[in-house]
Amino acid sequence: MELDGKVCVVTGGSRGIGRSICLEMAKAGAAVVVNYCSNENAAMDVASEIERFGHPSLAYKADIADFAQAQRMMEDVHKKFGRIDILVNNAGIARDMLLLIMSEKDWGDVIATNLTGIYNTTKNVARYMIKQRWGRIINISSVVGIYGNAGQANYAAAKAGIIGFTKALAKELGSRGITVNAIAPGFIKTDMTSPIIEKNAAIEEKIPLRRLGTPEDVAYMAVFLASARADYITGQIIGIDGGFTL
Ligand code: NAP
């Protein structure tokens, strides 16, 4: 198994893309920590499913927008498993709104979770990875962070910020054996996109591969980036969008 003996933390692992990443990381052999914010039952279900594959798992409640909670989670995980090898910064929210009616709270909540959350988790994991001289950090950005989208100024700013963060850290941590990459998904079928998909019946016609993405489409890339096969890849932003942005 490619990830045997590795310990992986996935933020927002209870649903959607994060859930799929948790399951695929476990299938590849990793012990997986399923972080969540409010949906305890869903997170426990993911952890039980992983244990059925025969790998250790733990559902862990922490609001990644809160530095102290992110720090406590990483310390507890390190105490329990003795190491942290892979961090997938997946948790995210959307509060879509045109700028003129976007409140400071809508702006602040999205930046706090989607961008500052990544600082909170990565800072608290980097020291373990530096000591191990091995680590994989995989950030979930979005095509919107590269191309923008009307009604998503807060979300696009956070996702573009993730791209800058990824490139800066790839340079900063490369000499310590740590790779840092980002995935930029297009339209993936999850709770987050269901309102948009319901309103846009013809969305598939704008995608060259003529279908929406699945959470697994993203998870397969995350597992690849975590594996030894991706040892020489760092600082990259990899699109998983069915050709949507061509
Ligand atoms: P989703 O189905 O809405 O799931 C979001 C996950 O994030 C849930 O597990 C949720 O936990 C968790 N979460 C939210 N706020 C959190 C916080 N403060 N602390 C910890 N966990 C938190 O979303 P998704 O579609 O799978 O999206 C996953 C990531 O991919 C996001 O970063 C999103 O921006 C990005 N993305 C998605 C798409 C898409 O088309 N779906 C496209 C591009 C990028 P609870 O279950 O506890 O609420």
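Residues numbered from 1 in each chain as written. Predicted model: local features only at pLDDT ≥ 70, side-chain atom pairs only at ≥ 80, totals over all residues. Heavy atoms only, no water.

Before going further, it helps to spend a moment on the site of the ligand. Within the structure, the ligand sits among 31 residues, and Ser-14, Ser-38, Asn-90, Tyr-155 and Thr-190 are positioned closest to it. For the ligand, an oxygen atom lies 2.6 Å from a polar atom in the backbone of Ser-38. In this structure, Ala-62 approaches the ligand through a main-chain N or O atom, which is 3.5 Å from a nitrogen atom. When the ligand is considered free in solution it has 910 Å² of accessible area, and contact with the protein chains removes 95% of it. Of all the secondary structure elements, the ones that give two or more residues to the shell around the ligand are α1 (16-27), β2 (31-36) and α6 (153-173). Looking at side-chain class alone, the shell around the ligand contains 13 nonpolar, 14 polar and four charged residues. (Near = heavy atom within 4 Å. Polar contact = N/O pair within 3.5 Å; in protein donor to acceptor, adjacent residues only side chain to side chain. Areas by Shrake-Rupley, 256 points an atom, 1.4 Å probe, with all protein chains shown as cover. Helix = DSSP H or I, 4+ residues; strand = E, 2+ residues; numbered from the N terminus. Nonpolar A, V, L, I, M, F, W, Y, C, P; charged D, E, K, R; others polar.)

Once that is clear, we can look at the sheet that holds strand β6 (residues 178-185). Taken together, seven strands build an open sheet; the order of strands is β3-β2-β1-β4-β5-β6-β7 and the sheet is parallel. Each end of this open sheet is capped by a strand with a single partner; those strands are β3 (57-61) and β7 (237-240). Shown here is a sheet whose adjacent strand axes are inclined to one another by a mean of 20 degrees, direction ignored. Sheet analysis places strand β4 (residues 86-89) next to strand β5 (residues 135-140), joined by four bridges and oriented parallel. Following the sheet pairing, Val-88 is matched in β5 by Ile-138. Packing against the sheet, helix α4 (residues 104-132) makes contact with β4, β5 and β6, and its axis sits at approximately 170 degrees to β4. (Pairing = 2+ DSSP bridges. Axes fitted to C-alpha atoms, helices over the stretch in contact; angles between N-to-C directions. Contact = heavy atoms within 4.5 Å.)

This part covers the packing of α4 against α6. As a packed pair, α4 and α6 sit with axes 8 Å apart at the nearest point and diverge in direction by 15 degrees. Comparing the axis directions of α4 and α6 gives the class roughly parallel. The two elements α4 and α6 meet at a crossing, and its hand is right-handed. Along the contact surface, α4 presents Asp-106, Trp-107, Val-110, Ile-111, Asn-114, Leu-115, Ile-118, Tyr-119, Thr-122 and Ile-130, while α6 presents Ala-153, Asn-154, Tyr-155, Ala-157, Ala-158, Lys-159, Gly-161, Ile-162, Phe-165, Leu-169 and Leu-173. Partitioned by chemical class, the residues of the contact of α4 with α6 number 15 nonpolar, four polar and two charged. (Parallel < 35°, antiparallel > 145°, perpendicular 65-115°, else oblique. Left-handed = near helix turned anticlockwise from the far one by under 90°.)

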